[in-house]
Amino acid sequence: METIPVEHGFILAGILFCLGLIGVLTRRNVVFVLMSLEIMLNASGLAFIVAAARWGHADGQVMFLMILTLAAAEVAVGLGLIIQMFRRYQTVDINVLSDMKG
């Protein structure tokens, strides 16, 4: 069985991370920002998996499980914040959050 070169895995992880970063910086919808953060977390997980496969250690898989746990917690807290924001302001636009003071 032929393996994928390490460089290709890292290039894919870098591209995914850049796409997620662009999404975080340019979007105004909170849901899209959270999805972009998920893409960034998955890209970093992919980098850990590729590096672990290259070196033959299981550390990358352990780190990826920790990243998945962090992503699940981020989604739970983020969706709770989105629900509260929509109840209060009737929108999920990030610019509305500048009204939240105190």
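In case you missed it, the structure is sitting above this.
Residues numbered from 1 in each chain as written. Predicted model: local features only at pLDDT ≥ 70, side-chain atom pairs only at ≥ 80, totals over all residues. Heavy atoms only, no water.

Quick word on the packing of helix α2 (residues 30-55) against helix α3 (residues 59-89)
Then step 1. With their axes 9 Å apart at the nearest point, α2 and α3 run at an angle of 175° to one another. Classed by the angle they form, the pair α2 and α3 counts as roughly antiparallel.
Then step 2. Of the residues belonging to the contact of α2 with α3, the class tally is 18 nonpolar, 6 polar and 2 charged. (Axes fitted to C-alpha atoms, helices over the stretch in contact; angles between N-to-C directions. Helix = DSSP H or I, 4+ residues; strand = E, 2+ residues; numbered from the N terminus. Parallel < 35°, antiparallel > 145°, perpendicular 65-115°, else oblique. Nonpolar A, V, L, I, M, F, W, Y, C, P; charged D, E, K, R; others polar.)

What about the environment of A13?
Then step 1. On the secondary structure map, A13 appears in helix α1 (residues 6-26).
Then step 2. Owing to a relative accessible area of 6%, A13 belongs among the buried residues under this scheme.
Then step 3. Distance in space between the C-alpha atoms of A13 and I39 is 9.6 Å, their sequence separation being 26 residues.
Then step 4. Leave out the neighbours within four places in its chain, and A13 touches A43, L46 and A47. (Buried < 20%, exposed > 50% of the residue type's maximum accessible area, 1.4 Å probe, protein only. Contact = heavy atoms within 4.5 Å.)

Re the packing of aromatic side chains
The relation between two aromatic rings is expressed through the spacing of the ring centres and the mutual angle of the planes.
Then step 1. Taken as a whole and judged by the stated rule, the model has 0 aromatic pairs.
Then step 2. When the ring centre of F32 is taken as reference, the NZ or CZ atom of R27 above it lies at 4.8 Å. (Phe/Tyr/Trp six-rings, centres within 6.5 Å; stacked < 30°, edge-to-face > 60°. Lys NZ or Arg CZ within 6 Å of the ring centre and 35° of its normal.)

Description of α1
Then step 1. Between its first and last C-alpha atoms α1 spans 30 Å; for 21 residues at 1.5 Å apiece the expected length is 30 Å, and the two agree.
Then step 2. Residues of α1 that are buried include every one of G9, A13, G20 and G23, and no others. For α1, the angular spread of the buried residues around the axis is 90°, confining them to a single face. Opposite the packed face of α1, turned more than 90 degrees from it, sit the exposed residues E7, I11, I22, L25 and T26.
Then step 3. Residues of α1 that are buried make contact with α2. (Expected span 1.5 Å × (residues − 1). Arc of directions from axis to C-beta.)

Some points on unusual backbone geometry
Then step 1. In this structure, Q90 is a non-glycine residue whose phi angle is positive, near 60°.
Then step 2. Look at Q90 and you get exposed, because its relative accessible area is 55%.

Treat this as a map of the structure, not an account of what it does.
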